[in-house]
Amino acid sequence: MENSTHPIGEIKDLSEDWGPVLQIREGYAHDFNVRYKASSGGAATAIALWALEHGDYCGVLHIKEDPEDPVRSIPVFSRKRDDLIAAQGSRYSPASPCSAFDFIRSAEGKCVFIGKPCDCAALRKAGDLDSTLKEKAALIISIFCAGTPTTAGTLAILEEMGIQDKTRLRSFRYRGFGWPGSAIAIVRNNDTIKNVDDNELTFSMSYEQAWGKILTKYGQLRCRLCPDKTGEFADIAVGDPWYRERGNDVGRSLILIRSTTGLTCVQQTCESGYMKTEKSMWQRLPESQKSIHTGRRSLYGRMMVFKMLGIPAPHYVGFFLNRSWRHVNLLNKVKTITGTFKRIITRNWFAKDKI
């Protein structure tokens, strides 16, 4: 996919591995409840709230859990504060906000879009073909994405929690209520009990267990071959400042400002009292996202193995993958190549339906 032209004023030390970044900030939503319930500081929610209430935006297209089946995610178009806040928090399962672009097309004014990096790239490409969509999608916010686990990953968490009957699941959150937070499932206990408080059982699991030991096992091949995990096509991208020591923190967001539109919106969000931020050193990005950085630099080698074996692989333009591969030392290059060979064989990536 062709990358956008890098804007004037970008941080040159980041452009090769991270795309255009005008400024890095670290901060959090001023509203304590928004910050506490968020996955990491609530910056995306704070910016979207400012856009709705002070920025003259008419709605936000984003993702929330399906109330009929909390394991799954559905796209929604929020016009009110309560609706937006009710859906905040990361969803580590398949989601397709792009299927709901019609909400933006039919809106009476400019809109905010919040999605994964691939969703933001798709919106940019769709906007090149649809001028109405391009004009109304006036602010694009991306979340950092280390890859989307399949739905089977979520089911594995529920099974590990001891939840046998999935039909009794009332809600499921992957993170939140502190940083890095916990996966929390609320289950109906007994259909004959009418008092809601007496009819709910709560199950929880640490982020380290849910993500680190379960969900990472259910990554998709297409995500492993993705060069953009920090939203290079967005105006603003937000993620975790993992360089910080994990503990009983309320939460902070690492904020990448990628365009002049994004810069203006962040500044006005802070000036309006929706968010508190401070400028951060460019080194905080690679320090916070080491696995993403390593994966990006190794991607050229992995795709080289695919091509050597005659397996279809994507072709990317504008991501400097060859240059990034040159920064990988010889030992890690060998590990990347041999590891890719091994996974192709053990996971049967020769199969056409896997691509």
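Cut-offs used in this document
Residues numbered from 1 in each chain as written. Predicted model: local features only at pLDDT ≥ 70, side-chain atom pairs only at ≥ 80, totals over all residues. Heavy atoms only, no water. Helix = DSSP H or I, 4+ residues; strand = E, 2+ residues; numbered from the N terminus. Rg over C-alpha atoms; globule rule 2.2 N^0.38 Å. Buried < 20%, exposed > 50% of the residue type's maximum accessible area, 1.4 Å probe, protein only. Contact = heavy atoms within 4.5 Å. Areas by Shrake-Rupley, 256 points an atom, 1.4 Å probe, with all protein chains shown as cover. Pairing = 2+ DSSP bridges. Core = buried A, V, L, I, M, F, W, Y, C linked by side-chain atoms within 4.5 Å. pLDDT = per-residue confidence, 0-100. Expected span 1.5 Å × (residues − 1). Arc of directions from axis to C-beta. Phe/Tyr/Trp six-rings, centres within 6.5 Å; stacked < 30°, edge-to-face > 60°. Axes fitted to C-alpha atoms, helices over the stretch in contact; angles between N-to-C directions. Parallel < 35°, antiparallel > 145°, perpendicular 65-115°, else oblique. Nonpolar A, V, L, I, M, F, W, Y, C, P; charged D, E, K, R; others polar. Patch = residues over 30% accessible without salt bridge, like charges linked within 9 Å, V, L, I, M, F, W, Y side chains within 5 Å. Salt bridge = Lys/Arg side-chain N within 4 Å of Asp/Glu carboxyl O.

(A) Spatial organisation of the overall build of the protein chain. Summing up its helical and strand segments, the protein chain has 15 helices and eleven strands in all. Relative to a compact globule of 355 residues, whose C-alpha radius of gyration would be 20 Å, the protein chain shows 20 Å and is just as compact. Expressed along its principal axes, the backbone C-alpha trace of the protein chain runs to roughly 60 × 45 × 40 Å. Taking all 355 residues of the protein chain together, the buried fraction comes to 51%. Here the contacts in the protein chain between residues at least 6 apart in sequence split such that 69% fall between residues at least 24 apart. Roughly 17,200 Å² of accessible area belongs to the protein chain as shown, and the carbon and sulfur atoms make up 50% of that amount.

(B) Highlighting the pairing of strand 7 (residues 182-188). Here strand 7 shows one buried face, formed by Ala-183, Ala-185 and Val-187, and one open face, formed by Ser-182, Ile-184, Ile-186 and Arg-188. In the sheet, strand 6 (residues 169-173) pairs with strand 7 via four bridges, with the strands oriented antiparallel. From the neighbouring strand, Leu-169 faces strand 7, where its bridge partner is Val-187.

(C) Here's a closer look at helix 3 (residues 43-53). In terms of burial, helix 3 is largely enclosed, as ten of its eleven residues are buried. Within the sequence span of helix 3, burial applies to Ala-43, Ala-44, Thr-45, Ala-46, Ile-47, Ala-48, Leu-49, Trp-50, Ala-51 and Leu-52.

(D) Broad picture of the nonpolar core. Grouped together as the largest cluster of nonpolar side chains are 26 residues, with contacts concentrated most on Val-112, Leu-139, Ile-141, Ile-236 and Ile-255. Those elements that provide at least two residues to this core are helix 3, strand 4 (111-115), strand 5 (137-143), strand 9 (236-239), strand 10 (253-257) and helix 11 (260-271). Ignoring anything within four residues of it in the chain, the contact list for Leu-139 reads Ile-47, Tyr-57, Cys-111, Val-112, Phe-113, Asp-235, Ile-236, Thr-261 and Cys-265. In this structure, Leu-169, Ala-183, Val-187 and Leu-215 belong to the second largest nonpolar core, which totals 21 residues.

(E) Focus on the confidence of the model for the protein chain. In the predicted model, the protein chain carries a mean pLDDT of 92, and 94% of its residues have values of at least 70. The model gives residues 1-6 a pLDDT under 50, and that stretch makes 19 contacts with residues more than four places away or in other chains.

(F) Broad picture of the side chain of His-293. Note on placement: His-293 falls in helix 13 (residues 290-308). Here His-293 falls in the buried class, since its relative accessible area comes to 16%. Those residues in contact with His-293 that lie beyond four places of it in its chain are Asp-17, Trp-18 and Pro-286.

(G) Seen up close, helix 15 (residues 330-346). In a regular helix each residue adds 1.5 Å, so 17 residues correspond to 24 Å; helix 15 covers 24 Å between its end C-alpha atoms and thus fits that length. Residues of helix 15 that are buried: Thr-336, Gly-339, Thr-340 and Ile-344. Angular distribution of buried residues about the axis of helix 15 spans 135°; they occupy a single face of the element. Exposed residues on helix 15 whose side chains face more than 90 degrees from its buried face are Leu-330, Leu-331, Lys-335, Lys-342, Ile-345 and Thr-346. Packed against the buried residues of helix 15 are helix 13 and helix 14 (321-326). Positioned one or two residues after helix 15, Asn-348 has a phi angle of 55°, which is positive.

(H) Just the packing of aromatic side chains, in detail. Under the criterion given, the structure shown has 14 aromatic pairs. Judged by centre distance (5.8 Å) and plane angle (85°), the rings of Tyr-36 and Phe-177 are edge-to-face. Highlighted residues: Tyr-36 in helix 2 (residues 32-37) and Phe-177 in the loop between strand 6 and strand 7, separated in sequence by 141 residues. For Tyr-36, a relative accessible area of 31% puts it in the partly exposed group.

(I) Summary view of the packing of helix 3 against helix 11. Packing of helix 3 against helix 11 leaves a shortest axis separation of 9 Å and a crossing angle of 85°. By the criterion of interaxial angle, the relationship of helix 3 to helix 11 is roughly perpendicular. Note on element contacts: helix 11 touches helix 3 through Cys-265, Val-266, Gln-268 and Thr-269, opposite Ala-46, Ile-47 and Trp-50. Of the residues belonging to the contact of helix 3 with helix 11, the class tally is five nonpolar, two polar and no charged.

(J) Highlighting a nonpolar patch on the surface. There is a patch of nonpolar side chains on the surface, built from Met-308, Leu-309, Ile-345 and Phe-350 and spanning about 410 Å² of accessible area. Mapped onto the fold, Phe-350 is located in the segment after helix 15. Residue Phe-350 is classed as partly exposed on the basis of its relative accessible area of 45%.

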